[in-house]
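What follows is the residue order along each chain.
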Amino acid sequence: MSPFLAVGYGLYALNVLVGMAAQLRLGQFGIWHHRLYFAVFVSTIAALVFAREGWLLLTVGCLALFPKARPHTWLHPTLGGVGLVGYLLAIGG
């Protein structure tokens, strides 16, 4: 596995966990979730460019739509899940 893909996936998974904790109101993670989002976006673009995994286009598309998806709506966690699928397909492929 490409190190870019590994770092991108790790950051994405961490951000999903922070987002889930925020969704379940287990703490105030909003600012960290948004900072991680920026790091995830940059690392996913890097993984797409350097690892050349086409499935990451699915993840990038989901990340691009996140600013339109309000927290605590069905779209926000759906985009997170679909983006995760993009990473899992890239790792498995």
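Above this text sits the structure in question.
Draft legend 1. Region of the structure containing the overall build of the protein chain. Scanning the protein chain from terminus to terminus reveals four helices and zero strands. Scanning the protein chain from its N terminus toward the C terminus, one meets helices and strands in the order α-α-α-α. By the compact-globule yardstick of 12 Å for 93 residues, the protein chain fits well, its C-alpha radius of gyration being 13 Å. Taking the principal axes of the C-alpha coordinates as reference, the protein chain spans close to 35 × 20 × 20 Å. Buried positions account for 33% of the 93 residues belonging to the protein chain. Relative to all contacts within the protein chain whose residues are 6 or more apart in sequence, the contacts with residues 24 or more apart total 62%. Within the structure as shown, the protein chain displays about 5,800 Å² of accessible surface, and the carbon and sulfur contribution to it stands at 73%.

Draft legend 2. How the structure looks around the side chain of Glu53. Positionally, Glu53 belongs in the loop between helix H2 (30–51) and helix H3 (56–65). Among buried Asp, Glu, Lys and Arg side chains, Glu53 stands out as unpaired, with Arg52 the closest opposite charge at 10.0 Å. In this structure Glu53 touches Leu5, Leu48 and Ala90, once residues within four positions along its chain are discounted.

Draft legend 3. Highlighting the packing of aromatic side chains. All chains considered together, the criterion is met by five aromatic pairs. Centre to centre, the rings of Tyr37 and Phe41 are 5.9 Å apart; their planes meet at 75 degrees, and the pair counts as edge-to-face. Note that Tyr37 and Phe41 are positioned in helix H2 at a spacing of four residues, about one turn of the helix. Given a relative accessible area of 21%, Tyr37 falls into the partly exposed group.

Draft legend 4. Expanded view of a nonpolar patch on the surface. Together, Trp55, Leu58, Val82, Val85 and Leu89 give the surface a local cluster of nonpolar side chains, amounting to about 390 Å² of exposed area. Considering each element in turn, the nonpolar patch owes the most residues, three residues, to helix H4 (residues 75–92). Here Leu58 lies in helix H3. Given a relative accessible area of 33%, Leu58 falls into the partly exposed group.

Draft legend 5. Representation of H3 within the structure. For H3, every residue scored as buried is listed here: Leu56, Thr59, Val60, Cys62 and Leu63. Take H3 and look down its axis: the buried residues cluster within an arc of 160 degrees, on one side only. The secondary structure elements touched by the buried residues of H3 are helix H1 (3–23), H2 and H4.

Each value, and the rule that gives it
- Residues numbered from 1 in each chain as written.
- Predicted model: local features only at pLDDT ≥ 70, side-chain atom pairs only at ≥ 80, totals over all residues.
- Heavy atoms only, no water.
- Helix = DSSP H or I, 4+ residues; strand = E, 2+ residues; numbered from the N terminus.
- Rg over C-alpha atoms; globule rule 2.2 N^0.38 Å.
- Buried < 20%, exposed > 50% of the residue type's maximum accessible area, 1.4 Å probe, protein only.
- Contact = heavy atoms within 4.5 Å.
- Areas by Shrake-Rupley, 256 points an atom, 1.4 Å probe, with all protein chains shown as cover.
- Lys, Arg positive; Asp, Glu negative; His and termini not counted.
- Salt bridge = Lys/Arg side-chain N within 4 Å of Asp/Glu carboxyl O.
- Phe/Tyr/Trp six-rings, centres within 6.5 Å; stacked < 30°, edge-to-face > 60°.
- Patch = residues over 30% accessible without salt bridge, like charges linked within 9 Å, V, L, I, M, F, W, Y side chains within 5 Å.
- Arc of directions from axis to C-beta.

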